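One-letter residues, chain by chain:
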Amino acid sequence: MVSFASNGGTSDGYLAEAEEGGPGLILVQEWWGLVGHIMNLTDRFADAGFTTLAPDFFHGASTREPDEAMRLVMGLAMDQAARDVDGAAAYLSGLDTVTEPGVGAVGFCMGGALALWSATIAENIQATVGFYPALPWERMSPNWQNYAGKSALIHADEEDGLSAAPGITAAVAAIEAAGGTARVYDYPGTRHAFFNDDRPEVYDPDASALAWERTVRFLHEHLG
């Protein structure tokens, strides 16, 4: 666990550094909080060549109960989340193991929306990946124009409507209108949270393996 500056204050997160220099990556939690699944993924991204920071957006709180998770999400202050994103990106850029100028962001569910949003907040976040993002989310009020010259990748599950889901089509249209690029992959037959191997009732190993391969390739293509 590390602490990083966040607009005059500090926030905490879990950091995993790549053995060799490479891009920096922000990993954004699901609505459960900074739980073991997210920490394991942070390590996994570091093994793939990305120095990865998972900020604790709930500042110490986590849960395994959906009702409590919803309460945490509704209590999430968007201005503080924006400061945490910006602070995390700046912190990564200052590490010796981050040798590329651009930073990426990857997130899941609620975190998928936050990851896509992050490129509208931090200038040096150049590539984003949203797994089944919870869009639209009016509380974010994203300034999509900041996506000019940036790239996004979205993994869409069937339970939420695949790439035809209104939130996804709106995000793609806004990113492309701003001069960014957006690609969406559909995963037929999958349920929401299909990448979470801590939830066997929804986990899809084949779709997860394919989404992982596509994510790592995309991030290396756009970040180095």
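Right above here is the structure, for reference.
Attention here is on the structure that accompanies the text. (Residues numbered from 1 in each chain as written. Predicted model: local features only at pLDDT ≥ 70, side-chain atom pairs only at ≥ 80, totals over all residues. Heavy atoms only, no water.)

**Section: the environment of Gly 112**
With respect to the helices and strands, Gly 112 occurs in helix α4 (residues 110-118). Residue classification places Gly 112 among the buried residues on the basis of a relative accessible area of 0%. Ignoring any residue separated from it by four or fewer positions in sequence, one finds Gly 112 in contact with Gly 107, Gly 130, Phe 131 and Pro 133. (Helix = DSSP H or I, 4+ residues; strand = E, 2+ residues; numbered from the N terminus. Buried < 20%, exposed > 50% of the residue type's maximum accessible area, 1.4 Å probe, protein only. Contact = heavy atoms within 4.5 Å.)

**Digging into the nonpolar core**
Residues Ile 26, Leu 92, Ile 125 and Tyr 147 are the most contacted members of the largest nonpolar core, which totals 40 residues. Secondary-structure elements contributing two or more residues to this core are β3 (22-28), α3 (78-93), β5 (98-108), α4, β7 (151-157) and α5 (166-177). Once residues lying within four places of it in the same chain are set aside, the contact partners of Leu 92 are Leu 15, Gly 24, Leu 25, Ile 26, Thr 51, Leu 53, Val 98 and Val 103. Among the nonpolar cores identified, the runner-up in size contains 30 residues, and Leu 41, Ala 54, Tyr 132 and Tyr 187 belong to it. (Core = buried A, V, L, I, M, F, W, Y, C linked by side-chain atoms within 4.5 Å.)

**Topic: unusual backbone geometry**
Phi is positive for Tyr 132, close to 35°, though the residue is something other than glycine. Following the sequence through the fold, Tyr 132 ends up in the loop between β6 (125-131) and β7. A relative accessible area of 2% means that Tyr 132 is categorised as buried.

**Points about the side chain of Thr 190**
Among the secondary structure elements, Thr 190 is positioned in the loop between β8 (181-187) and α6 (205-223). For Thr 190, a relative accessible area of 4% puts it in the buried group. Separated by 2.5 Å, the side chain of Thr 190 and the backbone oxygen of Tyr 187 make a polar contact. The residues touching Thr 190, leaving out its near neighbours within four places in the chain, are Asp 157, Glu 158, Glu 159, Asp 204 and Ala 207. (Polar contact = N/O pair within 3.5 Å; in protein donor to acceptor, adjacent residues only side chain to side chain.)

**Considerations on the pairing of strand β1 (residues 2-6)**
Two elements, β1 and strand β2 (residues 9-16), share five bridges in a ladder whose sense is antiparallel. Counted as the bridge partner of Ser 3 is Asp 12 from β2. The loop that links β1 with its antiparallel partner β2 comprises two residues; one of these, Asn 7, has a positive phi angle of about 55°. (Pairing = 2+ DSSP bridges.)

**Comments concerning the pattern of salt bridges**
Under the definition given, this model contains three salt bridges. Glu 159 serves as the salt-bridge partner of Arg 191, at 3.9 Å between the closest nitrogen and oxygen. Here Glu 159 lies in the loop between β7 and α5 and Arg 191 lies in the loop between β8 and α6, a separation of 32 residues in the sequence. The class of Arg 191 is partly exposed, set by a relative accessible area of 41%. (Salt bridge = Lys/Arg side-chain N within 4 Å of Asp/Glu carboxyl O.)

**As for the packing of aromatic side chains**
A full pass over the atoms with the stated rule returns ten aromatic pairs. A ring pair is formed by Phe 108 and Phe 195, whose centres lie 5.5 Å apart and whose planes are at 20°; its orientation type is stacked. On the criterion of sequence distance, the pair formed by Phe 108 in strand β5 and Phe 195 in the loop between β8 and α6 is long-range, its members being 87 residues apart. The structure contains a cluster of three or more aromatic residues connected by ring pairs, namely Phe 108, Phe 131, Tyr 132, Tyr 187, Phe 194 and Phe 195. The ring of Tyr 185 has Arg 214 lying over it, and the distance from NZ or CZ to the ring centre is 3.8 Å. (Phe/Tyr/Trp six-rings, centres within 6.5 Å; stacked < 30°, edge-to-face > 60°. Lys NZ or Arg CZ within 6 Å of the ring centre and 35° of its normal.)

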